[in-house]
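As a plain string of letters, each chain reads:
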Amino acid sequence: MSGDVAERERCPGRDPAGLFRAGHVVKMCAPMVRYSKLAFRTLVRRYGCELCYTPMVVAADFVRSAKARDSEFTTNRGDNPLIVQFAAKEAQVLCDAALLVCPFADGVDLNCGCPQRWAMAEGYGACLINKPELVRDMVRHVRNRINNPQFSVSIKIRIHEDLKKTVDLCKKAEATGVSWITVHGRNIEERHQPVHYDAIKVIKESMHIPVVANGDIKTLKDAENVHRLTGADGVMVARGLLANPAMFAGYEETPLKCIQDWVDIALEHGTPFTCFHHHLMYMMERITSKQEKKVFNILSSTSAVLDYLGHHYGVCS
């Protein structure tokens with residue numbers, strides 16, 4: 001674990017479950033492999049994002065390896081409220097991982113939604129939606145071991161083809177003390193098919209705890225529409241925020257101020273070039289021509305990117 005973790009331990013964040021209140025839709029940054037790291041979380045928090053998740057971390061590796069902890073989990077004093085998402089299949093391992101991060105984070109989330117083959121083959125991710133007793137056991141273990149009642153324990157799921165199974169899973173998790181449930185409105189096999197917002201609505205109406213909607217939310221207007229369709233207490237966004245980190249502040253496309261902020265934050269954090277460049281490629285997708293993309297996307301150094309941004313957009317380094 002790296003970053004200003006000692007400072008962070010002395011300044012715990014607020015209870016993340018307290019963000020959920022009547023008449024308010026909580027705006028969240030999804031866990032994204034390689035992308036929802038500290039620098040990007042810092043950026044989206046400046047533009048209306050209220051709750052951020054780390055990329056998914058394999059709990060067994062995190063517990064076993066100090067090197068994995070240092071590379072996978074970086075935070076600082078301003079990085080709150082923060083949820084660390086873990087891939088796990090054993091209650092004790094998830095519990096050990098949660099105990100390691102609890103002084104520096106505001107909650108943990110169990111990934112029950114990743115449909116990637118490697119994760120499913122290892123017993124992680126979306127295969128857990130078919131193991132409700134195991135999910136319940138993992139949540140219960142963390143709840144029993146973490147003494148801080150404000151520390152949240154949540155799950156992120158996909159839906160079953162038989163929605164009754166999803167409702168059953170959610171009710172079992174709720175009974176064990178899960179803080180909220182994020183529902184990606186597609187089943188394990190679906191990738192780019194339309195999101196089943198009607199399914200999220202059914203789940204929401206079956207629960208007494210907050211339900212967060214996830215899937216194909218690309219603008220603030222989308223977020224408002226999804227809330228209206230589902231009644232969800234929050235919205236979680238992935239690709240929409242990559243394309244426009246300022247979307248929660250109501251911008252239709254990435255403003256130049258946001259690009260300038262990303263340059264400043266990334267340089268301050270020492271963000272590796274590939275990550276720095278990829279974020280800019282996503283952010284500038286809607287505001288650059290095809291010819292500009294051809295030039296910008298093959299730049300191969302931070303100095304070349306900074307020169308380009310300064311010359312074409314007046315962005316300073």
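Parameters and conventions
- Residues numbered from 1 in each chain as written.
- Predicted model: local features only at pLDDT ≥ 70, side-chain atom pairs only at ≥ 80, totals over all residues.
- Heavy atoms only, no water.
- Domains from an automatic or database assignment.
- Contact = heavy atoms within 4.5 Å.
- Buried area = accessible area lost by both parts, 1.4 Å probe.
- Salt bridge = Lys/Arg side-chain N within 4 Å of Asp/Glu carboxyl O.
- Helix = DSSP H or I, 4+ residues; strand = E, 2+ residues; numbered from the N terminus.
- Nonpolar A, V, L, I, M, F, W, Y, C, P; charged D, E, K, R; others polar.
- Axes fitted to C-alpha atoms, helices over the stretch in contact; angles between N-to-C directions.
- Parallel < 35°, antiparallel > 145°, perpendicular 65-115°, else oblique.
- Left-handed = near helix turned anticlockwise from the far one by under 90°.
- Buried < 20%, exposed > 50% of the residue type's maximum accessible area, 1.4 Å probe, protein only.
- UniProt positions renumbered as here; feature names shortened; annotations may be inferred.

**So, the domain arrangement of the protein chain**
Then, number 1: Splitting the protein chain by domain gives domain 1 (16-249) and domain 2 (256-313).
Then, number 2: Between domain 1 and domain 2, the residue contacts involve 16 residues of the former and 13 residues of the latter.
Then, number 3: Summed over both partners, the interface of domain 1 with domain 2 comes to about 1,400 Å²; 64% of that surface belongs to carbon and sulfur atoms.
Then, number 4: Seen at the junction of domain 1 and domain 2, the total is one salt bridge.
Then, number 5: Between Asp-261 and Arg-46 there is a salt bridge, and its shortest N-O distance comes to 3.6 Å.
Then, number 6: When residues of the side of domain 1 that touches domain 2 are traced back to their parent elements, those giving at least two are α2 (38-45) and α11 (239-243).
Then, number 7: With five residues, α2 is the single largest residue contributor to the side of domain 1 that touches domain 2.
Then, number 8: Among the residues forming the side of domain 1 that touches domain 2, the class breakdown is 10 nonpolar, three polar and three charged.

**Brief notes about the packing of helix α7 (residues 132-145) against helix α8 (residues 163-176)**
Then, number 1: Direction vectors running N to C along α7 and α8 enclose 20 degrees, while the axes themselves pass 9 Å from each other. As judged from the angle between their axes, α7 and α8 are roughly parallel. In the crossing of α7 with α8, the sense of the turn from one axis to the other is right-handed. Residues Pro-132, Glu-133, Val-135, Arg-136, Val-139, Arg-140 and Arg-143 of α7 form the contact with α8, whose participating residues are Leu-169, Lys-172 and Thr-176.

**Concerning the pattern of salt bridges**
Then, number 1: Counted under the stated rule, the structure contains 11 salt bridges.
Then, number 2: The residue Arg-64 makes a salt bridge to Asp-61 at a minimum N-O spacing of 2.6 Å. A residue pair is termed a helical-turn pair when its members lie 3 or 4 positions apart in one helix, as Arg-64 and Asp-61 do in helix α3 (residues 59-64) at three residues.
Then, number 3: With relative accessibility at 61%, the residue Arg-64 sits in the exposed group.
Then, number 4: Residues Glu-205 and Lys-201 are paired through a salt bridge, measuring 3.0 Å at the closest nitrogen-oxygen approach. Here Lys-201 and Glu-205 lie together in helix α9 (residues 197-206), a separation of four residues that amounts to about one turn.
Then, number 5: Relative accessible area serves as the criterion here: at 56%, Glu-205 is assigned to the exposed category.
Then, number 6: One salt-bridge network, in which partners are shared between bridges, spans Arg-41, Arg-45 and Asp-79.

**Quick look at the UniProt feature "binding site: FMN" (unreviewed entry) in the protein chain**
Then, number 1: UniProt marks Pro-31, Met-32, Val-33, Gln-85, His-184, Ala-238 and Arg-239 with the feature "binding site: FMN" (unreviewed entry), using the numbering shown here.
Then, number 2: Along the chain, Val-33 falls in the loop between β2 (26-29) and α2.
Then, number 3: Structurally, the position occupied by Gln-85 is in strand β6 (residues 82-87).
Then, number 4: By relative accessible area, which is 1% here, Gln-85 ends up buried.
Then, number 5: Once residues lying within four places of it in the same chain are set aside, the contact partners of Gln-85 are Pro-31, Tyr-53, Thr-54, Pro-55, Met-56, Val-57, Asp-109, Asn-111 and Lys-156.

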